[in-house]
Amino acid sequence: FLGIQKNRYLAGRAQAGQHERALADAGEGDEYLVYGKGAIAFYLLADKWGEANLNRVLKAFLQHYSGQKPPYPKAVDLLEALYREAPSNLHPFIHDAFESNDWHSLEKHLKGYPIP
């Protein structure tokens, strides 16, 4: 799974040929970033923090914003929830995965994972 997403991300990044945005700032046309890097980021966060913890925060986030009228929540709102709930030792990972705009910031967290 991680190898497929890494390849998706790197191939899309090479084709985009532009300054990459952070995952939290991804927009229309950034599918490689959202689906490739995003899948890796959430997979690693679930693995490092525990899937149940991540799901608890995501569920509370969705319930909080369910049925809300504009303005709709943005990535920064989800990041605030993650920073608020996650232990402080995961804050550097959250920053690198979601707020950094380069691959190497996330790649260093992949050490020890079996990725081709």
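Here, every reference points to the structure presented above.
Note that this is a predicted model, so its numbers are computed, not measured.

About the criteria used
Residues numbered from 1 in each chain as written. Predicted model: local features only at pLDDT ≥ 70, side-chain atom pairs only at ≥ 80, totals over all residues. Heavy atoms only, no water. Helix = DSSP H or I, 4+ residues; strand = E, 2+ residues; numbered from the N terminus. Rg over C-alpha atoms; globule rule 2.2 N^0.38 Å. Contact = heavy atoms within 4.5 Å. Areas by Shrake-Rupley, 256 points an atom, 1.4 Å probe, with all protein chains shown as cover. Lys, Arg positive; Asp, Glu negative; His and termini not counted. Charge placed at Lys NZ, Arg CZ, Asp CG, Glu CD. Buried < 20%, exposed > 50% of the residue type's maximum accessible area, 1.4 Å probe, protein only. Polar contact = N/O pair within 3.5 Å; in protein donor to acceptor, adjacent residues only side chain to side chain. Axes fitted to C-alpha atoms, helices over the stretch in contact; angles between N-to-C directions. Parallel < 35°, antiparallel > 145°, perpendicular 65-115°, else oblique. Left-handed = near helix turned anticlockwise from the far one by under 90°. Nonpolar A, V, L, I, M, F, W, Y, C, P; charged D, E, K, R; others polar.

Colleague: Which parts of the structure should I look at to understand the overall build of the protein?
Modeller: Helix and strand counts for the protein stand at 6 helices and 0 strands. Helices and strands appear in the protein in the N-to-C order α-α-α-α-α-α. A globule of 116 residues ought to have a C-alpha radius of gyration of about 13 Å, and the protein, at 14 Å, matches this closely. Overall, the protein is about 40 × 30 × 20 Å in size when its C-alpha atoms are taken along their principal axes. In the protein, of all internal contacts separated by at least 6 residues, the share reaching a separation of at least 24 is 59%. Of the roughly 7100 Å² of accessible surface on the protein, 53% is carried by carbon and sulfur atoms. Seen as two clouds, the 13 positive and the 14 negative side-chain charges of the protein have centres 3 Å apart.

Colleague: Quick question: what am I supposed to make of the side chain of D30 here?
Modeller: Among the structural elements, D30 can be located in the loop between α1 (2-16) and α2 (31-49). By relative accessible area, D30 is classed as buried at 2%. One polar contact links D30 to R21, side chain to side chain, over a distance of 3.0 Å. Every residue in contact with D30, bar those within four places of it in the chain, is listed here: Q18 and R21.

Colleague: I tried to follow the packing of helix α3 (residues 51-65) against helix α4 (residues 75-85) on my own but got confused; where do I start?
Modeller: Two quantities define a packed helix pair, namely the angle between the helix axes and the distance between the axes. Contact geometry for α3 and α4: axes closest at 10 Å, N-to-C directions at 135 degrees. In this view, α3 runs oblique relative to α4, as classed from their interaxial angle. By crossing handedness, the relation of α3 to α4 is classed as right-handed. Between α3, through L54, R56, V57, L58, F61 and Y65, and α4, the contact on the second element is made entirely by D77, L78, A81, L82 and E85. Its residues placed into classes, the contact of α3 with α4 shows 8 nonpolar, no polar and 3 charged.

Colleague: Would you mind going over unusual backbone geometry with me for this structure?
Modeller: Glycine aside, residues mostly have negative phi angles, and peptide bonds mostly take the trans form. Here P70 and P71 are connected by a cis peptide whose omega angle stands at 5 degrees. Mapped onto the elements, P71 comes out in the loop between α3 and α4.

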